[in-house]
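Breakdown of the fold
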Amino acid sequence: MTTTILSIQSHVAYGHVGNSASVFPMQRLGVEVWPVNTVNFSNHTGYGAWRGPLMDPADVADVITGIGERDAFGEVDAVLSGYQGGEGIGATILAAVAQVKAANPAAIYACDPVMGNEKSGCFVHESIPVLLREKVAPKADLITPNQFELGYLTDTQPHTLQETLASVDRAREIGPSTILVTSVLRPDRPEGTIEMLACHEDEAWIVQTPHLPLKANGSGDVTAALFTSHWVRTHSLPEALGRTVSSVFDLLRTTHDSGRRELQIVEAQEVYAHPRMQFEVAQVR
């Protein structure tokens, strides 16, 4: 049966972040995606200037209500959320999750807890990390933090693999049973590499890839979308992780080779549908 994902995220006309980054790769996998946009900007805020409205939470909720009025919530396999621009949007997303799960108890909530990174620190409003840690993450079944965000959610400072696994265990105590840790930068890794770690209950797998020298806005959104899609479809950590990492690496390589700032989402479309599976997926627990 077709996998269906309700994706509640930002939207930009130019470039690729939020739904503008994640919807097409999921569709290229054959996933039915219902995008609900929380902003409608000309471009992402990394440019320092943009135009367009931040959607009122009531308007976002109205769109979601309309979907429910089609008796469609029972078809949803996962609700996916990313950057949350305010507490009102957070409450709207959690209300949508509750409605979907009431119609389909097997549905999951996948949350990408966007807060910041090791290099930049937190780049969201000070209320958002607290919202994510105290209200949103406890309701999630799957979270996809980077190593920095994992540390904030669990009040830890993971660096080594064992510290990161311990932080994952603390995150599981909060609520989510499945955790994908992106941008794992353990100090003993080979120079010029980066890793991604996927955990479910007591099982954990890791993948190491070359670290490409580029800053790509939206790559986390693509990662969360692909992993959620593969996890819902397969319930296999090594398969979901291997496919996601393969696709994201080749997307980033295509973007790097293009010399352009924005992700080359369309140009790299074959790597979502047919990942090369070029990296070893190793079990670490």
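Details of the structure are given in the entry above.
In short, a report on the structure. On a predicted model such as this, the values are computed, not experimentally measured, just so you know. (Residues numbered from 1 in each chain as written. Predicted model: local features only at pLDDT ≥ 70, side-chain atom pairs only at ≥ 80, totals over all residues. Heavy atoms only, no water.)

Any two side chains of opposite charge can pair, on the condition that their charged atoms come close. If you walk through the whole model with that rule in mind, you get 9 salt bridges. Of the charged contacts in the structure, one is a salt bridge between R285 and D169, with a shortest N-O distance of 3.0 Å. Of this pair, R285 sits in the segment after strand 11 (281–283) while D169 sits in helix 6 (residues 161–174), placing them 116 residues apart in sequence. The shortest N-O distance in the salt bridge between R253 and D250 comes to 3.6 Å. Placement of the pair is R253 and D250 together in helix 8 (residues 237–258), with a separation of 3 residues, close to one helical turn. Judged by relative accessible area, which is 3%, D250 ranks as buried. Taken together, the salt bridges that share partners define one network made up of D169, R172, D202 and R285. (Salt bridge = Lys/Arg side-chain N within 4 Å of Asp/Glu carboxyl O. Helix = DSSP H or I, 4+ residues; strand = E, 2+ residues; numbered from the N terminus. Buried < 20%, exposed > 50% of the residue type's maximum accessible area, 1.4 Å probe, protein only.)

The next thing to look at is the side chain of T228. Examined against the element boundaries, T228 turns out to sit in helix 7 (residues 219–234). Judged by its relative accessible area of 0%, T228 is buried. One polar contact links the side chain of T228 to the main-chain carbonyl oxygen of A224, over a distance of 2.7 Å. With near-sequence residues (within four places) excluded, T228 lies in contact with I5, A78, L80, A110 and L142. (Polar contact = N/O pair within 3.5 Å; in protein donor to acceptor, adjacent residues only side chain to side chain. Contact = heavy atoms within 4.5 Å.)

What follows deals with a negative patch on the surface. A cluster of like negative charges, contributed by D56, D59, D62 and E69, occupies part of the molecular surface. Take E69: it is sitting in the loop between helix 2 (57–68) and strand 3 (78–81). (Patch = residues over 30% accessible without salt bridge, like charges linked within 9 Å, V, L, I, M, F, W, Y side chains within 5 Å. Areas by Shrake-Rupley, 256 points an atom, 1.4 Å probe, with all protein chains shown as cover. Lys, Arg positive; Asp, Glu negative; His and termini not counted. Charge placed at Lys NZ, Arg CZ, Asp CG, Glu CD.)

Further remarks concern helix 2. Along an α-helix, residues three or four positions apart point the same way, because every turn accommodates 3.6 residues. In this model, helix 2 (12 residues) spans 16 Å end to end at C-alpha, consistent with the 16 Å of a helix rising 1.5 Å per residue. Turning to helix 2, its buried residues number three or more, namely V60, I64 and I67. The arc enclosing the buried residues of helix 2, seen along the axis, measures out at 50°, which places them on a common side. Tucked into the core, helix 2 has its buried residues touching strand 1 (4–12), strand 2 (32–41) and helix 3 (87–103). Where helix 2 begins, the capping side chain belongs to D56, and its oxygen is found 2.7 Å from the backbone nitrogen of A58. (Expected span 1.5 Å × (residues − 1). Arc of directions from axis to C-beta.)

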